[in-house]
Amino acid sequence: MDFLLISLRPYLRLCSVLVLLSCLSFKGWAVPWFPFGPNGGDARTFASDPHDHDHLYLGTDNGWIYDSHNGGQSWKRLARINHRADLVLDNIIVDPVDSKHVVVGGWVLGQSGGGLFVSHDGGLTWKGDPDLNGQSIRALSSAPSDPKIMVAGTLQGVFRSTDNGVHWTLISPAGSTEIHEVESIAIDPVDPTTIYAGTWHLPWKTTDGGEHWSNIKQGLIDDSDVFSIIVDPKQPKVVYASACSGIYKSENGGERFSKVQGIPSAARRTRVLTQDPKHLSTVYAGTTEGLFRTDDAGSYWMRTTSSGVIVNDVYVDPANSRRVLLATDRGGVLASTDGGSTFSASNSGFSSRQVTAFTQDLRHPSDLYIGVVNDKEWGGAFISHDGGLSWMQRAQGLEGRDVFSLAQADNGTIVAGTEKGLFWYDQDEQLWKRTGNIGAVAMPAQRPVHRGATQASRHRPEAPVKSARQIEGSVLAIAPVGDQLYAVTSQGVYVSENPAALWAAVPGLSAAPWQFVASSRGVTMLASLGSIALSVDGGRTWRPVSLPANLSQVSAIAVDDQGELWVGGRQGVFLSTDKGASWTTLKDLYVSDVNGIYFDSRNQRVLVTANASTTMAFAVRLPNKTVNYWDTGWHLRFVRPVGDYLVGATLFDGIVLQPRMVQSKEVASH
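The structure displayed is predicted, hence computed values, not measured ones.

1. Some remarks on the overall build of the protein
Move 1: Check the secondary structure of the protein and you find zero helices and 62 strands.
Move 2: Here the protein holds 670 residues, and the buried ones make up 59% of them.
Move 3: Pairs at least 24 residues apart make up 47% of the contacts formed inside the protein by residues separated by at least 6 positions.
Move 4: Element-wise, carbon and sulfur atoms account for 49% of the exposed surface of the protein, whose accessible area totals about 26200 Å².

2. Some remarks on the pattern of salt bridges
Two side chains that carry opposite charge are able to pair once their charged atoms sit near each other.
Move 1: Considering all chains together, one arrives at 17 salt bridges under this definition.
Move 2: In this structure, the salt-bridge partner of glutamate 183 is arginine 138, at a minimum N-O distance of 3.9 Å. On the criterion of sequence distance, the pair formed by glutamate 183 in strand S17 (residues 182-187) and arginine 138 in strand S13 (residues 137-143) is long-range, its members being 45 residues apart. Here glutamate 183 matches arginine 138 in class, with each residue buried.
Move 3: For arginine 353, the salt bridge is made with aspartate 375, and the minimal N-O distance between the two is 2.7 Å.

3. Re the packing of aromatic side chains
Move 1: Under the defined criterion, the tally for this structure stands at nine aromatic pairs.
Move 2: Taking 6.3 Å as the distance between ring centres and 50° as the angle between the ring planes, the aromatic pair formed by phenylalanine 46 and tyrosine 315 counts as tilted. You can see phenylalanine 46 sitting in strand S5 (residues 43-49) and its partner tyrosine 315 sitting in strand S29 (residues 311-316), a full 269 residues away along the chain.
Move 3: On the numbers, 6.4 Å between centres and 45° between planes, the contact of phenylalanine 618 with tyrosine 629 is tilted. Linking phenylalanine 618 in strand S57 (residues 616-621) with tyrosine 629 in strand S58 (residues 626-631), this pair joins segments that are 11 residues apart in sequence.
Move 4: The class of phenylalanine 618 is buried, set by a relative accessible area of 6%.
Move 5: Linked through ring pairs, Trp64, Tyr66, Phe350 and Trp634 together constitute an aromatic cluster.
Move 6: The lysine or arginine in question, arginine 77, covers the ring of tryptophan 64, its NZ or CZ lying 4.9 Å from the ring centre.
Move 7: Its guanidinium or amino end placed over the ring of tryptophan 107, arginine 138 lies 3.9 Å from that ring's centre, counting from NZ or CZ.

4. Observations concerning the sheet that holds strand S22 (residues 239-243)
Move 1: Pairing is antiparallel across the open sheet formed by four strands, whose spatial order is S21-S22-S23-S24. Each edge of the open sheet is held by one strand with a lone partner, namely strand S21 (226-231) and strand S24 (258-259).
Move 2: In this sheet, S24 lies alongside strand S23 (residues 246-250) in antiparallel orientation, the contact comprising two bridges. Paired with lysine 249 across the bridge in S24 is serine 258.

5. Description of unusual backbone geometry
Move 1: Cis peptide bonds are those with omega within 30 degrees of zero, and the linkage from glycine 37 to proline 38 qualifies with 5°.
Move 2: Tracing the sequence through the fold places proline 38 in the loop between strand S3 (34-35) and strand S4 (40-41).
Move 3: With an omega of 5°, the peptide bond running from leucine 622 to proline 623 counts as cis.
Move 4: Looking at the element boundaries, proline 623 is found in the loop between S57 and S58.

6. Examining empty space enclosed by the protein
Move 1: The full count for this structure, using the stated rule, is one cavity of 30 Å³ or more.
Move 2: The volume enclosed by the largest cavity comes to roughly 50 Å³.
Move 3: Taken together, Arg80, Ala85, Trp634, His635, Thr650, Leu651, Phe652 and Asp653 make up the lining of the largest cavity.
Move 4: Counted by class, the lining of the largest cavity contains four nonpolar, two polar and two charged residues.

7. Remarks on the pairing of strand S55 (residues 594-600)
Move 1: Most of S55 sits out of view: six of its seven residues are buried.
Move 2: Judged from the six bridges that link them, S55 and strand S56 (residues 605-610) form a sheet pairing that is antiparallel. Across the sheet, residue glycine 596 finds its bridge partner in S56, namely threonine 609.
Move 3: The antiparallel pairing of S55 with S56 creates a hairpin that spans four residues between the two strands, and glutamine 604 there sits at a positive phi of about 50°.

8. Topic: the environment of asparagine 62
Move 1: The residue asparagine 62 is located in the loop between strand S6 (52-60) and strand S7 (64-68) in this model.
Move 2: Its relative accessible area of 2% is what places asparagine 62 among the buried residues.
Move 3: When the C-alpha positions of asparagine 62 and arginine 44 are compared, they lie 9.9 Å apart, and in sequence the two are 18 residues distant.
Move 4: When neighbours within four sequence positions are excluded, asparagine 62 is seen to be in contact with Arg80, Arg84, Ala85, Leu87, Ser352, Phe652 and Asp653.
Move 5: A distance of 2.6 Å separates polar atoms of two side chains, one belonging to asparagine 62 and the other to threonine 60.

9. Examining the nonpolar core
Nonpolar side chains tend to gather and get buried jointly when the protein is soluble and globular.
Move 1: Ranked by size, the top nonpolar core spans 23 residues in total, and within it Trp33, Phe46, Leu58, Trp75, Leu325 and Val333 carry the most contacts.
Move 2: Secondary structure elements with two or more residues in this core: S5, S6, S7, strand S30 (324-328), strand S31 (332-336), S57 and strand S59 (636-642).
Move 3: Counting 18 residues, the second-largest nonpolar core is a separate cluster that includes Ala558, Leu589, Phe618 and Leu622.

10. Description of the confidence of the model for the protein
Move 1: Mean pLDDT over the protein works out to 89, with 89% of the residues at or above the 70 mark.
Move 2: A low-confidence stretch, residues 442-463 stays under pLDDT 50, and its non-local contacts, those more than four residues away or across chains, total 42 contacts.

11. A word on the sheet that holds strand S16 (residues 169-170)
Move 1: Ordered in space as S13-S14-S15-S16, the four strands form an open sheet in which the pairing is antiparallel. Unpaired on one side and paired on the other, S13 and S16 mark the two borders of the sheet.
Move 2: Pairing of strand S14 (residues 146-154) with strand S15 (residues 158-161), which is carried by four bridges, proceeds in the antiparallel orientation. Each bridged residue has a counterpart across the sheet, and for alanine 152 the counterpart in S15 is phenylalanine 159.

The rules behind each value
Residues numbered from 1 in each chain as written. Predicted model: local features only at pLDDT ≥ 70, side-chain atom pairs only at ≥ 80, totals over all residues. Heavy atoms only, no water. Helix = DSSP H or I, 4+ residues; strand = E, 2+ residues; numbered from the N terminus. Buried < 20%, exposed > 50% of the residue type's maximum accessible area, 1.4 Å probe, protein only. Contact = heavy atoms within 4.5 Å. Areas by Shrake-Rupley, 256 points an atom, 1.4 Å probe, with all protein chains shown as cover. Salt bridge = Lys/Arg side-chain N within 4 Å of Asp/Glu carboxyl O. Phe/Tyr/Trp six-rings, centres within 6.5 Å; stacked < 30°, edge-to-face > 60°. Lys NZ or Arg CZ within 6 Å of the ring centre and 35° of its normal. Pairing = 2+ DSSP bridges. 1 Å grid on protein atoms, 1.4 Å probe; cavity = no way out; pocket = protein on both sides within 12 Å on 5 of 7 lines; lining within 4 Å. Points joined across faces, edges and corners; volume = space filled by probe spheres on them. Nonpolar A, V, L, I, M, F, W, Y, C, P; charged D, E, K, R; others polar. Polar contact = N/O pair within 3.5 Å; in protein donor to acceptor, adjacent residues only side chain to side chain. Core = buried A, V, L, I, M, F, W, Y, C linked by side-chain atoms within 4.5 Å. pLDDT = per-residue confidence, 0-100.

Structural data, given as structure tokens:
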């Protein structure tokens, strides 16, 4: 077992937190920064070790393979297949003869790419199969009677291997206009030459290893996408098929199917069927509206989860069929110990989250807030009370909204910008409450130049007058500007001194679709993808600023406490020391496709991250502009300081933490 002792000391309450990290050394991929959740997200498929029913593998939609050695109670990252974050891993085979031999099929969302990948060390390292290189692998199965025979379904057709996956041959007609876009595969438990293939437009069958194929569509609604096919291991003539039009059952080897009744039409997009290996009359149907179960071979079905659960795979423990696991969208892994009647989350160690927003409670520096997207009721907002080591969902009141932005107001209020409107967090009730009522307010002659000014020094606006309108659009960015809070929305830019109450439109701005805001010591910059506006008087007046000549599009901005302007985009980072009159680049800041720039005032540095072009995080030290950098091991959206370490938001893997204070590499910029 590998251990790493790290020291985390962010401000007051984290001054002596010591954390022992175990089982975080990924032998297949060096990861200097360590993942800490939030747990959950999209899980795709399971596979079990035939020699150890507690050893499970889990596939994801971002290229990661996880495994568990306690039946799915906790998970550990093994490796990211070929270091790719775009692979959807829906199929895993564990060799019943040699459990270290694992085969995985992957495909790419929205593209025709993918491939077959093989490991001979239990999933730690992987190698692509040359015969299926670039193939979009949608289905993969091994023959129960001869595990050396494997069959793969791809967008191109059906491929078979008879030598344990070493070589593959196309066994469906080349260039077929019918047998392509193969989504599901099943092999007869006795005769490995009998193969079922479900396509995006009805199922097919061969009884001679692919020499001849017949369309088995009797009883199926035309043009049904066949997601799953299973063959009863004791009665091979009994075949179940699931499709976008419902669940079907055949008792004559697919010659004719009958539609199963009892599942609501809204839930008939059934992604997976699984039989209980000990009680074959019990079949689970994972649908886009929950899990259904039949205990009488399909005569009667009952839903055992809420309709909001999207099920991608079902695993039934062969040693204890009361234990059932679900791989779900957004909810990660759900576990049942009562045969699928009730479920609870089982995501310890598994994180597949898209973190898009971050803020720190400056009054309680160990309290961090993050926002995520695409997880609906499973996501929203999370809070950590220990500097990012553990996370709890705090999304009540958000009603499944994505969180695009977070900030803390001068009065301590935490505010979240969502896909539809603004919310503030009531810490006593642990509940998000709607805000964004629009008022009219006169701007003062001069705004305070920095946060933390005394009450006597603040120039407050006139009392706002409430209107009947509310901010309803997407809130793309929120930032403190003096003792106020700015919110950049799809409806315009708004300002508030008491964000739980009223907001007012910022006057003097053009109608550009603003997306970014940054401010320091009275200098405030707003940016859209193609324009910049600047205020040097606390937001009273605004003037346009020309973009850097070589910058095609703005993707990030910052303002440091010297009033210098920082802008990033595909062409790199640009700096203006004269309020936008001219722009320059930093010679030693070698970065492109920038997605995050942040001014860290406490440490007097500007933090920079980029998209998937690099796993580096950069820090430009002020005022001499020396450049530090870290290879984080992750593709990041942004980094933020927490005490004397950094927290990073990955593209798809949640939050990662800098493991210890290390001397980063440094170069001098000229």
